[in-house]
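# Structural features, examined
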Amino acid sequence: AQTVTQSQPEMSVQEAETVTLSCTYDTSESDYYLFWYKQPPSRQMILVIRQEAYKQQNATENRFSVNFQKAAKSFSLKISDSQLGDAAMYFCAYSIGGSQGNLIFGKGTKLSVKP
Amino acid sequence: DAGVTQSPTHLIKTRGQHVTLRCSPISGHKSVSWYQQVLGQGPQFIFQYYEKEERGRGNFPDRFSARQFPNYSSELNVNALLLGDSALYLCASIQQLGSGYNEQFFGPGTRLTVL
């Protein structure tokens, strides 16, 4: 069975600094996608970044980037130049390629940003 | 364009009652997924519907059911409520982008409290 593990329940970062959130996953599939979602206190979940497993290049979206280590089944999120608005729950998620809508989520990491 | 809408925002029920939650996807999206997010956990997949047909079901009891209407809106029904059903119920509107990838856009959720 596919599983997603986030080993850091809480993290804290100083404004303008860089923080890395960890995620590991377990799967026997070769075609899959990995995601980081952000859930601010207002609850609405938004997609931060996604990575296709077949792509070797790490995905980047502005201040957000990932370190995708396929052999190690590791998928960490790096947030650069942290801003107060980055404070939220961050969820790592996985889906099988071709799957219509079944995301498997980790338990989340609560990120606090200190001014 | 309107985002994903869910109603009601909050709901309080007592054990044994029945509840219906509603979701309207983004215009043009033909698929929705439902997730249950218990406090302090990541969302868990309940159902996925595409073109009014069930496409996937998570590990939930038969007390949980759903349907999708011709306008692609969806209802999640839960019978014989238990205290453990207290959670945030998220609906995701799914955009098919081809190549086996589907992007999910989440609604704000319905907070269900069972007393």
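No experiment lies behind these values; they were computed from the predicted model shown.

Each value, and the rule that gives it
- Residues numbered from 1 in each chain as written.
- Chains lettered and ligands numbered in written order.
- Predicted model: local features only at pLDDT ≥ 70, side-chain atom pairs only at ≥ 80, totals over all residues.
- Heavy atoms only, no water.
- Helix = DSSP H or I, 4+ residues; strand = E, 2+ residues; numbered from the N terminus.
- Rg over C-alpha atoms; globule rule 2.2 N^0.38 Å.
- Buried < 20%, exposed > 50% of the residue type's maximum accessible area, 1.4 Å probe, protein only.
- Contact = heavy atoms within 4.5 Å.
- Phe/Tyr/Trp six-rings, centres within 6.5 Å; stacked < 30°, edge-to-face > 60°.
- Pairing = 2+ DSSP bridges.
- Axes fitted to C-alpha atoms, helices over the stretch in contact; angles between N-to-C directions.

### Description of the overall build of chain B
Helices and strands together make up the secondary structure of chain B, namely zero helices and eleven strands. Each helix and strand of chain B, ordered N terminal to C terminal, gives the series β-β-β-β-β-β-β-β-β-β-β. Taking 13 Å as the expected radius of gyration for a compact globule of 115 residues, we find that chain B reaches 14 Å, a close match to that expectation. In terms of overall dimensions, chain B has a C-alpha envelope of 45 × 30 × 25 Å along the principal axes. For chain B, buried positions account for 50% of its 115 residues. In chain B, 52% of the contacts between residues at least 6 apart in sequence involve partners at least 24 apart.

### Considering the overall build of chain A
Summing up its helical and strand segments, chain A has zero helices and twelve strands in all. For chain A, whose C-alpha radius of gyration is 14 Å, the value lies close to the compact-globule estimate of 13 Å for 115 residues. C-alpha atoms of chain A, sized along the principal axes, occupy 40 × 25 × 20 Å. Out of the 115 residues in chain A, the part that is buried amounts to 46%. In chain A, the proportion of contacts linking residues at least 24 apart, taken out of those at least 6 apart, comes to 55%.

### Some words on the packing of aromatic side chains
Using the criterion set out here, one finds 16 aromatic pairs over all chains in the structure. Between F35 of chain A and Y37 of chain A the ring centres are 6.0 Å apart and the planes differ by 40°, which places this aromatic pair in the tilted class. On the accessibility criterion, F35 of chain A (2% relative accessible area) is buried. Aromatic ring contacts, followed pair by pair, group Y33, F35, Y37, F91 and F105 of chain A together with Y35, F45 and F106 of chain B into a single cluster.

### Things to note about unusual backbone geometry
For the bond from S7 of chain B to P8 of chain B, the omega torsion is -10°, close enough to zero to count as cis. Within the element layout of this structure, P8 of chain B appears in the loop between β1 (5–7) and β2 (10–13). Residue N62 of chain A is not a glycine yet carries a positive backbone phi of 55°. Of note, N62 of chain A is situated in the loop between β7 (60–61) and β8 (64–69). Residue N62 of chain A is classed as exposed on the basis of its relative accessible area, which comes to 79%. The phi dihedral of Y72 of chain B falls on the positive side, at around 75°, and the residue is not glycine. Positionally, Y72 of chain B belongs in the loop between β7 (64–68) and β8 (74–78). For Y72 of chain B, a relative accessible area of 21% corresponds to the partly exposed category.

### Observations regarding the side chain of T110 of chain B
All names here are of chain B. When you line up the elements, T110 lands in strand β11 (residues 110–114). Since its relative accessible area comes to 0%, T110 is described here as buried. In this structure T110 touches Q6, S7, P8, T9, L21, A87, L88 and Y89, once residues within four positions along its chain are discounted.

### Focus on the sheet that holds β1 of chain B
All names here are of chain B. Taken together, four strands build an open sheet; the order of strands is β1-β3-β8-β7 and the sheet is antiparallel. Edge positions in the sheet fall to β1 and β7, since each of these pairs with one other strand and no more. Sheet twist, expressed as the average angle between the axes of neighbouring strands with direction ignored, equals 15°. With five bridges joining them, strand β3 (residues 19–24) and β8 adopt antiparallel strand pairing.

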